[in-house]
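Structure assessment
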Amino acid sequence: MVPTKDGRGNYLVARNGDIFHYGDGHSCGSLVSRSIKPHSSIVSMSLSFDGKGYWLVDNYGQVYAFGDAHFYGSFFQPKPLFLPYLIAGIAPTVDGKGYWLTTVFGQVYAFGDAKAYGSLRVQL
């Protein structure tokens, strides 16, 4: 669930990438409306800088952009061999011209104008 920028609505995203919007949330489309089947379950959603778009990310690291949210790349690993590479979340930069992806074990990957400031080290 992600609140709208003014807090007067929210978005819910399903594992298959379907989007449900409430209050002043508006639809910019969904994976279902585009007839796209994600590679794995959608695990996170984030709004664009002005709230007129959003990004979805699946746990294999594929990013999907809608509305005015731009695609800056992804960390797509088809069927990751190691659990540390499963993606857990996406967070946009302040200006919305990039984003970070984080894994379940704390590695961080930067895209667009996002800077890589560091990650947790994984020891399995």
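Being a predicted model, the structure only gives us computed values, none of them experimental. (Residues numbered from 1 in each chain as written. Predicted model: local features only at pLDDT ≥ 70, side-chain atom pairs only at ≥ 80, totals over all residues. Heavy atoms only, no water.)

Attention shifts here to the sheet that holds strand S5 (residues 53-58). Ordered in space as S4-S5-S6, the three strands form an open sheet in which the pairing is antiparallel. Of all the strands in the sheet, just strand S4 (42-47) and strand S6 (63-67) have a single pairing partner and so form its edges. Taking the axes of each pair of neighbouring strands and ignoring which way they run, one obtains an average angle of 20° across the sheet. (Pairing = 2+ DSSP bridges. Helix = DSSP H or I, 4+ residues; strand = E, 2+ residues; numbered from the N terminus. Axes fitted to C-alpha atoms, helices over the stretch in contact; angles between N-to-C directions.)

The subject of this paragraph is the packing of aromatic side chains. Enumeration over the complete set of coordinates arrives at six aromatic pairs. Their ring planes at 35° and their centres at 5.5 Å tell us that Tyr54 and Phe66 sit as a pair that is tilted. Of this pair, Tyr54 sits in strand S5 while Phe66 is found in strand S6, placing the two residues twelve residues apart along the sequence. Phe66 carries the same exposure label as Tyr54, and that label is buried. (Phe/Tyr/Trp six-rings, centres within 6.5 Å; stacked < 30°, edge-to-face > 60°. Buried < 20%, exposed > 50% of the residue type's maximum accessible area, 1.4 Å probe, protein only.)

This brings us to the nonpolar core. Grouped together as the largest cluster of nonpolar side chains are twelve residues: Val2, Tyr11, Ile19, Cys28, Leu31, Ile42, Met45, Leu47, Tyr54, Leu56, Tyr64 and Phe66. Only S4, S5 and S6 provide two or more residues apiece to this core. The greatest single-element share of this core, amounting to three residues, is contributed by S4. Sequence-distant contacts of Leu31, that is, excluding residues within four places in its chain, are made with Asn16, Gly17, Ile36, Pro38, Ile42, Leu56, Tyr64 and Phe66. Val57, Ile87, Tyr99 and Leu101 belong to the second largest nonpolar core, which has eleven residues in total. (Core = buried A, V, L, I, M, F, W, Y, C linked by side-chain atoms within 4.5 Å. Contact = heavy atoms within 4.5 Å.)

So, about the sheet that holds strand S2 (residues 9-13). Spatially, S1-S2-S3 is the arrangement adopted by the three strands of the open sheet, whose pairing is antiparallel. Strand pairing shows two members of the sheet lacking a second neighbour, strand S1 (2-3) and strand S3 (19-23), which therefore form its edges. Bridging between S2 and S3 involves five bridges; their strand directions are antiparallel. Note that in S3 the partner of Asn10 across the bridge is Tyr22.

Remember that the coordinates give geometry; whether it matters functionally is a separate question.
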